[in-house]
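Next come the chains, spelled out residue by residue.
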Amino acid sequence: MAQADPGRAWGWVAALRSGSTTPWSQWPPDAAPAPALDRDLPGAQQLELLRRVNLASAAPRPDLAERILAVGATGRGRPDLELPGTSTSRRWGPEPTDPTDLGAAELLRFVGMLLAEDLAVSGHRELAEEASGAVTSSRAAATLPARARRRLRRRAPGHRLVGDPWLVDPLRQVMLAQGHPLGGSRSAVVVIGTDLVTMLADTYTARAFDDGVAPWHRWLRTGPGDRTLPPRIDLAHVARHWQEEAGHRRVVVVTEPRLATDVLPLRSSAVPDPDQARPSADAVDLARRVAAALGLLVPRQERRALLRGVLLPRLLTDNAQHPAPPLTVPEARTSWVVRQAEQMRDDLLEAGYAVVGDPEALVPRTTDRRGAVPDSSGVLDLAIRLLLTGPGRDHRKAEVEG
Amino acid sequence: MTRRVLLHVGTPKTGTSYVQDVLFRNRDTLTAAGILYPAERFDAHFLAALDLMKLPWGGLEAEAIGAWDRLAERARAHRGTTIISHEILAHASRAQAGRALESLGHRWDVAPEERETEVHVVLSVRDLIRQVPAEWQENVKHRSTLSYAEFLDQIRDPERRSRVSSWFWAVQEIPAILDRWAHDLPPEHVHVVTVPPSGTAPEVLWKRFSRALDLDRLDLDLTATRANPSLGVPETALIRRINASANDVLVPGDYRPLIRELLAHQTLSQRRGSARLGLPPHLHRWFGEVEQSWVDAIRERGYDVIGDVSELLGASLPAEAALDDRAERSWADPDRPRPREVADAAVDAITALALEAARLRGEEHRLHEELAETRRALERSYLRPSYRFRKKVVRRLASSRPGRTMLRSYRGLRGRNSSSA
């Protein structure tokens, strides 16, 4: 190990700021020292993250480098670690760590906060731009005379959409945008689902883009996905509840999302394809990490809007360029999910609800297994791509000046 | 030098709740003496600490957004002494501590005599013989289901990779905390307050805090209204079992008032005669050696020690006694509590919850009555001829453009914009 020398480490920090990709372990022992630029050296995690960003970046990004070196981790976990050879009397605190030994999961604790900061700083502008676009289109809709008005005047009973949250939420938005009433005491209840593996992934995805959620494996083991199904996608339970509230005849169960327009006053061309709006497994994991950090920066109601209105489109754009598989349950859980799905199918058929689509569609086909569980390395690569394509200093400056 | 900041950064379970309570309740007295304790709510500095360290805390973090910057701004604006106190600040990383100090006006890159703000760091400390079981109990009161044995294994792991271990040493390893917070402060501006041994009169600890925070000259109301009481062995075991059973179904917002406050603090901590939590005798030596190294470091660094630094060595068992089977047998293991004692504690817990349920039922009944009375009053007002007349006028006005303009003007003049006349 080299002689303890903070000046040498500051020299490495300066090189990293300028885009160096040399690991600390290969930094020359006789490299020129540099003066301290701050009270303390950044932690090994921040320095390694900057090096990884430099590896992925075509050119140095001084603005991003400053932010990376200053960022703190989110939540509990290992503290900022020291570099080997930088302290003469290391007797307390965690052992100094070679940055290249740090795993992707450790670095992701820091990236989540950087992406959350991006959203908190620039996301509002993007949301505002989107909202102004939405106003234009809703005005345009209002000028379609008469369609919306007639529809509202017609005293149609309206529709209540329940079931898989990732399928139902976009449909609700389209319904509202087109002036169709949602809910009401005499409305038809449309229970929308798909195969149970996808519904589990969708429920988790909705949580990840909302308040944040535990890691996928832990959620399946100890969360609502354990032993019982999450209430919103237990379609038999949902249908039973609404049968008691609204009456048996008003409940319709849709088992294939593409057929939802058969029972809703929507054209199929107006409804977004759910598969296109489904982020990859890695993207969902990144979203939950960003959600946790974003909760420390903005109020809860803004968090959901920023995650769904700004982060999700960025993730989907990235997925178009770097395709990655969607979220699925680990193979060991598949048989349990299939049993639950078969039970759900049988319960729905036995209760005699109107069903649109093949009830068999609820049961996942184990032979047609696609998808993946999140992988930390993939999540980190994705996060670094987003960091590099995210708003830079100019954007931030404009935000402050604006 | 015009500003002075006294920053009390820990450690947990050293009487900090009491100190913060006294400071909060005596804000006016402190202000009159030129001392600012910037807090509008008793947990203001806790929220500021969460914000500084970006720590999620069961949803409370949402209330903490921007809290540190607001606190620091008030400290910078005060031309006198400011006191800031919260024990979880001990957890701050080097970068977070540096940012906090800078936000309070500290300059790391100028000589101490040239600094415009004089920052003092205060750290209250207690021996590990008492801190280790107290930290595990605190974990249990924050929903943990980890057994005591697992906890002890994890904190002795030299890698410190687990969340429990990294938290424990972050808030307990005294030389490391002082490295992070005070490596660029003169040692005379670092005040280490030792907690006296068990059985010492409570005033002794307050007097030490009073000296560290420079409050000796003030006449303060020292009545305790908030504390963080500890539990015995069967009571802690019971809470841990409740955690294992209820964690998945009880959200943090309900856990805090029902389990931590009602059961742990208000009910189970009041029980007397239970065995107290302690360190297993065979581990006294391991932790004793750690403590000795800390005592050496504190002496070597020349900090201002208030109390006796040797109190940090705790009431360790002599080496031969620690290896004695009798000591091990008489130690109460919270992972294997006596079922009868746990059952007794559970009866008290059920009674407390039943009383709370009865109180809430009474409250629910009262609110139903209130709501029914409000509805009746509303219906009566709808039936009044004057209401029906006003409603008719409003409807008529709302049907024409001039009428709507008149209504808007009227409501604007009236100062509110409801649709009711």
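Undergrad: Would you mind going over the overall build of chain A with me for this structure?
TA: For chain A, the count of helices and strands is 14 helices and four strands. Residues counted as buried form 50% of the 402 residues belonging to chain A. Long-range pairs, those at least 24 residues apart, make up 82% of the contacts in chain A with a sequence separation of at least 6. Of the roughly 18700 Å² that chain A leaves accessible, carbon and sulfur atoms contribute 51%.

Undergrad: What should I look at first to understand the nonpolar core in this one?
TA: In globular proteins that are soluble, nonpolar side chains generally tend to be buried together. Residue and element names in this part refer to chain A. One finds F209, L286, L311, M344 and L348 to be the most contacted residues of the largest nonpolar core, which totals 97 residues. Of the residues forming this core, the biggest block, eleven residues, is contributed by helix α4 (residues 104-142). With near-sequence residues (within four places) excluded, M344 lies in contact with L196, M199, L229, I233, D234, L235, A236 and L362.

Undergrad: Just to check I follow, could you spell out the pairing of strand β1 (residues 3-8) of chain B for this structure?
TA: The two faces of a sheet get side chains in turn, since along a regular strand they alternate between them. All names here are of chain B. Counting buried residues along β1, five of its six residues qualify, which places the element largely inside the surrounding structure. The pairing of β1 with strand β4 (residues 117-125) spans six bridges and is classified as parallel. In the sheet register, L6 faces β4, and the bridge partner there is H120. Bridge count between β1 and strand β3 (residues 81-85): five bridges; the pairing is parallel. Note on β3: the bridge partner recorded for R4 is T81.

Undergrad: Where do I start with the pairing of strand β3 (residues 251-254) of chain A in this structure?
TA: Residues and elements named next belong to chain A. Burial of β3 is two-sided: the residues V251 and V253 facing one way and the residues V252 and V254 facing the other way are all buried. Across four bridges, the pairing between strand β2 (residues 188-192) and β3 is parallel. Bridging across to β3, I192 finds its partner in V254. Where β3 lies against strand β4 (residues 354-356), three bridges are found, and the strand directions are parallel. Looking at the pairing, V252 lines up with A354 of β4.

Undergrad: Which parts of the structure should I look at to understand the packing of aromatic side chains?
TA: One pair of aromatic rings is described through two measures. These are the centre distance and the angle between the planes. A complete count under the given rule lists 15 aromatic pairs over all chains for this structure. On the numbers, 5.5 Å between centres and 40 degrees between planes, the contact of W166 of chain A with F209 of chain A is tilted. Here F209 of chain A lies in the loop between α7 (196-208) and α8 (216-222) and W166 of chain A lies in helix α6 (residues 165-177), a separation of 43 residues in the sequence. One exposure class covers both W166 of chain A and F209 of chain A, and it is buried. Their ring planes at 85 degrees and their centres at 6.0 Å tell us that F151 of chain B and F168 of chain B sit as a pair that is edge-to-face. Taken together, the residues F151 of chain B in helix α7 (residues 148-155) and F168 of chain B in helix α8 (residues 163-172) connect sequence positions 17 residues apart. F168 of chain B carries the same exposure label as F151 of chain B, and that label is buried. Linked through ring pairs, F151, F168, W169, W286, F287 and W294 of chain B together constitute an aromatic cluster. Here the guanidinium or amino end of R8 of chain A rests over the ring plane of W24 of chain A, the centre of that ring lying 4.4 Å away.

How each quantity is defined
Residues numbered from 1 in each chain as written. Chains lettered and ligands numbered in written order. Predicted model: local features only at pLDDT ≥ 70, side-chain atom pairs only at ≥ 80, totals over all residues. Heavy atoms only, no water. Helix = DSSP H or I, 4+ residues; strand = E, 2+ residues; numbered from the N terminus. Buried < 20%, exposed > 50% of the residue type's maximum accessible area, 1.4 Å probe, protein only. Contact = heavy atoms within 4.5 Å. Areas by Shrake-Rupley, 256 points an atom, 1.4 Å probe, with all protein chains shown as cover. Core = buried A, V, L, I, M, F, W, Y, C linked by side-chain atoms within 4.5 Å. Pairing = 2+ DSSP bridges. Phe/Tyr/Trp six-rings, centres within 6.5 Å; stacked < 30°, edge-to-face > 60°. Lys NZ or Arg CZ within 6 Å of the ring centre and 35° of its normal.

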